[in-house]
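An overview of the molecular structure
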Amino acid sequence: MTTKPGKPLPHLTPTGTCWCGCAKKVGAGSFFAPGHDKVAEAALLAAEYGSSVAQLLHAHGYGPGHSVSARAVAEGVWRKCPSCAYVGAPASIANHTKRGHAPAPTEQV
Ligand SMILES: [Zn+2]
Ligand SMILES: [Zn+2]
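What comes next concerns the included structure. These numbers come from a predicted model, not from an experiment. Within any chain, residue numbers begin from 1 and follow the written order of that chain's sequence. Key to labels: chains lettered from A, ligands numbered from 1, both in the order written. Side-chain atom pairs in this predicted model are given and counted only at pLDDT of 80 or more, local residue features only at pLDDT of at least 70, and totals for whole chains, interfaces and linings cover all residues.

Here's the deal with the overall build of the protein chain
Worth spelling out the cut-off: In this description a helix means any DSSP run of H or I spanning at least four residues, a strand means any run of E spanning at least two, and both kinds are numbered starting from the N terminus. Any residue surrounded by 20 or more other C-beta atoms within 10 Å of its C-beta is treated as buried, while 12 or fewer makes it exposed and the intermediate range makes it partly exposed; C-beta atoms here are placed from the backbone. Any residue pair is listed as a contact if its two C-beta atoms, each placed from the backbone, are within 7 Å.
On a plain count of helices and strands, the protein chain comes out with four helices and two strands. Listing each helix as α and each strand as β along the protein chain from the N terminus yields α-α-α-β-β-α. Counting only residues that meet the buried cut, the protein chain has 6% of its 109 residues in that class. When contacts within the protein chain are restricted to residue pairs at least 6 apart in sequence, those whose partners lie at least 24 apart make up 12%.

The structure is reproduced here in structure tokens:
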């Protein structure tokens, strides 16, 4: 699943082999063999940021004083729940509002 970011990103074209680097053949239009996008994401995090999302956020200038989720909303790729502080991708918001608004102590994306 991809969302359209607010800033321009280079146009990437699937090459027919998995972009995680495993050299598996994948179908036209796919970058990854099933699940390998998550593997690549975890490997990147491990290799570049010590598997720490805090390090990842810090490297991009985000942190407790600069909310990355607020940025996502500002960029228009995420939405804020009209009834509470929950933010997420439009599909997550749809799920979230379907569940109603009993105050939950931890709302996860
Ligand atoms: Zn792969
Ligand atoms: Zn809500």
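After that view, the rundown keeps rolling.
Thoughts on the environment of Cys-18
Along the polypeptide, Cys-18 turns up in the segment before helix H1 (36-49). According to the C-beta neighbour criterion, Cys-18 is buried, with 21 such atoms within 10 Å. Not counting chain neighbours up to four residues away, the residues in contact with Cys-18 comprise Ala-23, Lys-24, Val-26, Phe-32, Ala-33 and His-36.

Brief notes about the environment of Trp-19
Relative to the helices and strands, Trp-19 resides in the segment before H1. Residues Trp-19 and Asp-37, spaced 18 residues apart in sequence, show a C-alpha to C-alpha distance of 7.8 Å. Sequence-distant contacts of Trp-19, defined by excluding residues within four places in its chain, comprise Phe-31, Phe-32 and Ala-40.

Some points on the environment of Leu-12
Within the secondary structure, Leu-12 sits in the segment before H1. When the C-alpha atoms of Leu-12 and Phe-31 are compared, they prove to be 9.2 Å apart, with 19 residues separating the residues in sequence.

Here's the deal with unusual backbone geometry
The phi torsion at Ala-23 lies on the positive side, around 70 degrees, for a residue other than glycine. The exposure class assigned to Ala-23 is exposed, which follows from the 8 C-beta atoms found within 10 Å. The backbone phi angle of Ser-51 is positive, close to 60 degrees, even though this residue is not glycine. By secondary structure assignment, the location of Ser-51 is in the loop between H1 and helix H2 (53-59).

Some thoughts on H1
For clarity, the threshold we go by: Each helix should span, by expectation, one fewer than its residue count multiplied by 1.5 Å.
With 14 residues, H1 should reach 20 Å at 1.5 Å per residue; the first-to-last C-alpha distance of 19 Å fits that figure. Looking one or two residues beyond H1, the residue adopting positive phi is Gly-50, at roughly 60 degrees.

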